[in-house]
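Fold and geometry: a report
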Amino acid sequence: MSLIDSISLPRRVRLPRADGLVQWIVPLAIIAIWQLACVTGFVPTRVLPAPSDVALAGWKLLLSGELARNIWVSFWRASIGFLIGGSIGFAFGLANGLSQLSAKLTDTTLQMVRNVPHLALIPLVILWFGIDESAKLFLVALGVFFPIYLNTLHGIRTVDPQLIEMGRIYGMSDGELFRRVIFPGALPSIFVGIRFALGIMWLTLIVAETIAASSGLGYMAMQAREFMLIDVVVLSILIYALLGKLADSASRVLERATLSWHPAFQKR
Amino acid sequence: MQTALRTSLPETELASRANFAPHARVVREERAAQTSGLPLSIRGLRKSFGDNEVLRGIDLHIPAGQFVAIVGKSGCGKSTLLRLIAGLDKIDAGTISFGSDVQPEDIRVMFQEPRLLPWAHVLANVEVGLGRDRSSADAHARAEKALTEVGLADKRDQWPSVLSGGQKQRVALGRALVSRPRVLAFDEPLGALDALTRISMQRLLERVWRDQGFTAILVTHDVSEAVALADRVLVIEEGRIAHDVVVNAARPRERGSAELAGLEGSILSHLLSADDRT
Ligand SMILES: Nc1ncnc2c1ncn2[C@@H]1O[C@H](COP(=O)(O)OP(=O)(O)OP(=O)(O)O)[C@@H](O)[C@H]1O
Ligand SMILES: [Mg+2]
């Protein structure tokens, strides 16, 4: 034991720190090359503004308060839409995973609806809701619903039946069985659903804001396009990338905290 | 391998100490008097799955506190019998009675797979075994005591995934023991372990059985394991108990002694001749 500890401890401490630096090397290098290409005139700034120009545009928008307002609006739409779609998907996943009757009633219908690309509904949604907030929330919620529904359902259905039998043998009530066996067993799969859903959430929001909005990051980018402000367009794209990365990291942190029992999360 | 070696040491020590202590047997007889085991009577037990008649009339009486081993060729219905005794499946015909009112906590089963909850620490896994007493105030203390009994007190805060196969099976044993069961049924609990860990686990099983006096029913493929541990070996053939062999060898038993080897040979020849007939 002591031997194993002394070997693996320093490695365990060093790895994440090195990882943290390594993953930023490539993005930083890309920005450096990009800047170089613009300054030397290799890439005309009409096509792609230099990173320094993008940063400057960001700084100006930040000072005017416009940037913060638009980011906040987009963030708000993303999270509310995610919460609504995610909780409905989770509820259906639970119900259909736990109850045969519920699965028979709704699963086929849901699987059929799933095959309609939700972005194809945009014209219909605009007719229904106009370019109101509810249009964006509806689209995000719809996009987020399916990955969470499918993965919750899958997670619950694939919980080891031997563990469920064990729980019954040891006298667990239905509630206890769910809390101690079924839900923790389904959790890894639920997290897969959440990660998928986060990707779809941003995608849906970008499209919806570009087509039908009067605020938000997508709207900011569209406005900038009309006035030929290419630096603002690039800025919006970069912010989207950053927000996406942030959401993904948040779900990773949550995953690591709740799945610390999982062998896959113990070494790294 | 490393862990198997390490954990098997204290028990080897324990067993050899028992050999040199004549008072050990006296202590055991006192305990046997206040035995907690339940007697078990099975009458005309039948079970089929569709057209497949697995058990065709089992009649069996097991006195309280006896250690019974069940052997038979693969698919003869050993697990089925065990699951019926543990109340996990429905009986087609016949009766199983335990002599008195039984609580669910009185009967426990251990399987070949440890069936630990991977997301619960070792101690919490043992607490699962308390059944309805899980939320009582002394749950922690009782689970810790059971964990000490199986020699894993130092692993209480580990995840099951870091334990070796033998250690996982010990945790499962601790979980089965924590409610002080009066009948303990084992379905090839050591089937997946390496030879060395197996022997150390056999010693552990024998020790807790002697300490706690429950009625033990062990299904095994390994005839030498059966004669080493059991008071009595039952051979199941064609859905019935074909042979009922009493093992009188004094405990602690010496593995590989001529007496046990002879018994093992005769049981094996029963099994093989049945195999030839089919
Ligand atoms: N749930 C079930 N449904 C249908 N058939 C079953 C079921 N459980 C067991 N059987 C059948 O009953 C017979 C006995 O099975 P059982 O598991 O009791 O055998 P076993 O003696 O434990 O064998 P092994 O030594 O290989 O574990 C087998 O033919 C098996 O196919
Ligand atoms: Mg079996």
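Residues numbered from 1 in each chain as written. Chains lettered and ligands numbered in written order. Predicted model: local features only at pLDDT ≥ 70, side-chain atom pairs only at ≥ 80, totals over all residues. Heavy atoms only, no water.

Quick word on the overall build of chain B
Along the backbone of chain B there are nine helices and nine strands. With 278 residues in all, chain B has 50% of them scored as buried. Long-range contacts, defined here as pairs at least 24 residues apart, represent 70% of the contacts in chain B between residues at least 6 apart. Taken as a whole, chain B presents about 12,500 Å² of accessible surface, with 52% of it coming from carbon and sulfur. (Helix = DSSP H or I, 4+ residues; strand = E, 2+ residues; numbered from the N terminus. Buried < 20%, exposed > 50% of the residue type's maximum accessible area, 1.4 Å probe, protein only. Contact = heavy atoms within 4.5 Å. Areas by Shrake-Rupley, 256 points an atom, 1.4 Å probe, with all protein chains shown as cover.)

Some thoughts on the packing of aromatic side chains
In the structure shown here, the tally under the stated rule is twelve aromatic pairs over all chains. Ring centres of phenylalanine 145 of chain A and phenylalanine 146 of chain A lie 4.8 Å apart, and the angle between their planes is 85°; on these two criteria the pair is classed as edge-to-face. For the residue pair phenylalanine 145 of chain A and phenylalanine 146 of chain A, the accessibility class agrees, reading buried in each case. Centroid distance tryptophan 261 of chain A to tryptophan 119 of chain B: 5.3 Å. Interplanar angle 75°. Geometry classified as edge-to-face. Separated into two different chains, tryptophan 261 of chain A in the segment after helix H10 (230-258) and tryptophan 119 of chain B in the loop between strand S5 (107-110) and helix H4 (122-128) make up a pair that spans both. With relative accessibility at 15%, the residue tryptophan 119 of chain B sits in the buried group. Taken together through their ring pairs, the aromatic side chains of Phe92, Phe145, Phe146 and Tyr149 of chain A make up a single cluster. Just above the ring of phenylalanine 111 of chain B sits the side chain of arginine 115 of chain B; from NZ or CZ to the centre is 3.7 Å. (Phe/Tyr/Trp six-rings, centres within 6.5 Å; stacked < 30°, edge-to-face > 60°. Lys NZ or Arg CZ within 6 Å of the ring centre and 35° of its normal.)

A look at the site of ligand 1
All names here are of chain B. Neighbouring residues of ligand 1: Phe49, Asn52, Val54, Ser74, Gly75, Cys76, Gly77, Lys78, Ser79, Thr80, Glu188 and His221. In the environment of ligand 1, an oxygen atom lies 2.5 Å from a nitrogen or oxygen atom belonging to the side chain of serine 74. The backbone of glycine 75 places a nitrogen or oxygen atom 2.8 Å from an oxygen atom of ligand 1. Protein contacts shield 58% of the accessible area of ligand 1, which totals 630 Å² for the unbound molecule. Secondary structure elements with two or more residues in the shell around ligand 1: strand S2 (52-62) and helix H3 (78-85). Take the shell around ligand 1: its biggest share by element is three residues, from H3. Tallied by class, the residues present in the shell around ligand 1 amount to three nonpolar, seven polar and two charged. (Near = heavy atom within 4 Å. Polar contact = N/O pair within 3.5 Å; in protein donor to acceptor, adjacent residues only side chain to side chain. Nonpolar A, V, L, I, M, F, W, Y, C, P; charged D, E, K, R; others polar.)

Here we look at the nonpolar core
Of all hydrophobic cores here, the largest spans 69 residues; its most connected members are Val181 of chain A together with Leu117, Leu173, Phe186, Phe214, Val233 and Ile267 of chain B. Once residues lying within four places of it in the same chain are set aside, the contact partners of leucine 117 of chain B are Leu163, Met166, Arg180 and Val181 of chain A together with Asn125, Val128 and Pro160 of chain B. (Core = buried A, V, L, I, M, F, W, Y, C linked by side-chain atoms within 4.5 Å.)

Considerations on the pairing of strand S9 (residues 240-246) of chain B
For strand S8 (residues 232-237) of chain B and S9 of chain B, the ladder comprises six bridges, and the chain directions are antiparallel. Within the sheet, the bridge partner assigned to leucine 234 of chain B lies in S9 of chain B and is aspartate 244 of chain B. (Pairing = 2+ DSSP bridges.)

Points about empty space enclosed by the protein
Going through the model one piece at a time under the given rule, you end up with two cavities of 30 Å³ or more. Considered as a void within the structure, the largest cavity measures approximately 70 Å³ in volume. In this structure, the largest cavity is lined by Met166, Ile169 and Tyr170 of chain A together with Val109, Met110, Phe111, Glu113, Pro114, Arg115, Ala172 and Arg175 of chain B. Secondary-structure elements contributing two or more residues to the lining of the largest cavity are helix H7 (161-169) of chain A together with S5 and helix H6 (165-177) of chain B. Here the lining of the largest cavity is composed, by residue class, of eight nonpolar, no polar and three charged. (1 Å grid on protein atoms, 1.4 Å probe; cavity = no way out; pocket = protein on both sides within 12 Å on 5 of 7 lines; lining within 4 Å. Points joined across faces, edges and corners; volume = space filled by probe spheres on them.)

Considerations on the UniProt feature "domain: ABC transporter" (unreviewed entry) in chain B
Feature annotation in UniProt assigns "domain: ABC transporter" (unreviewed entry) to the following positions: residues 40-263 of chain B. A distance of 25 Å separates the end C-alpha atoms of residues 40-263 of chain B, which is 31% helix and 26% strand. (UniProt positions renumbered as here; feature names shortened; annotations may be inferred.)

Here we look at the environment of alanine 224 of chain A
All names here are of chain A. As for its position among the elements, alanine 224 is in helix H9 (residues 217-226). Alanine 224 gets classed as buried once you look at its relative accessible area, which sits at 3%. Between the alpha carbons of alanine 224 and serine 236 there is a distance of 9.5 Å; along the sequence they are twelve residues apart. Look past the residues within four positions of alanine 224 in its chain and what remains in contact with it is Leu229, Val232 and Val233.

A look at H3 of chain B
Extensive coverage of H3 of chain B is indicated by the burial of six of its eight residues. Just downstream of H3 of chain B lies glycine 87 of chain B, where phi reads positive at about 75°.

Some remarks on the domain arrangement of chain B
Residues and elements named next belong to chain B. With domains assigned, chain B is organised as domain 1 (15-102 + 182-277) and domain 2 (120-181). Computed from C-alpha atoms alone, the centre-to-centre distance between domain 1 and domain 2 is 24 Å. Taken together, the 16 residues of domain 1 in the interface contact eleven residues of domain 2. Contact between domain 1 and domain 2 buries roughly 1,100 Å² in total, counting both sides, with carbon and sulfur atoms accounting for 64%. At the junction of domain 1 and domain 2, the tally comes to zero salt bridges. Here domain 1 is connected to domain 2 by four residue pairs in polar contact (both at pLDDT 80 or more). Elements that contribute at least two residues to the side of domain 1 that touches domain 2 include exactly strand S6 (183-187) and helix H7 (195-212). Per-element tally for the side of domain 1 that touches domain 2: the top contributor is H7, with eight residues. Considering only residue class, the side of domain 1 that touches domain 2 consists of ten nonpolar, four polar and two charged. (Domains from an automatic or database assignment. Buried area = accessible area lost by both parts, 1.4 Å probe. Salt bridge = Lys/Arg side-chain N within 4 Å of Asp/Glu carboxyl O.)

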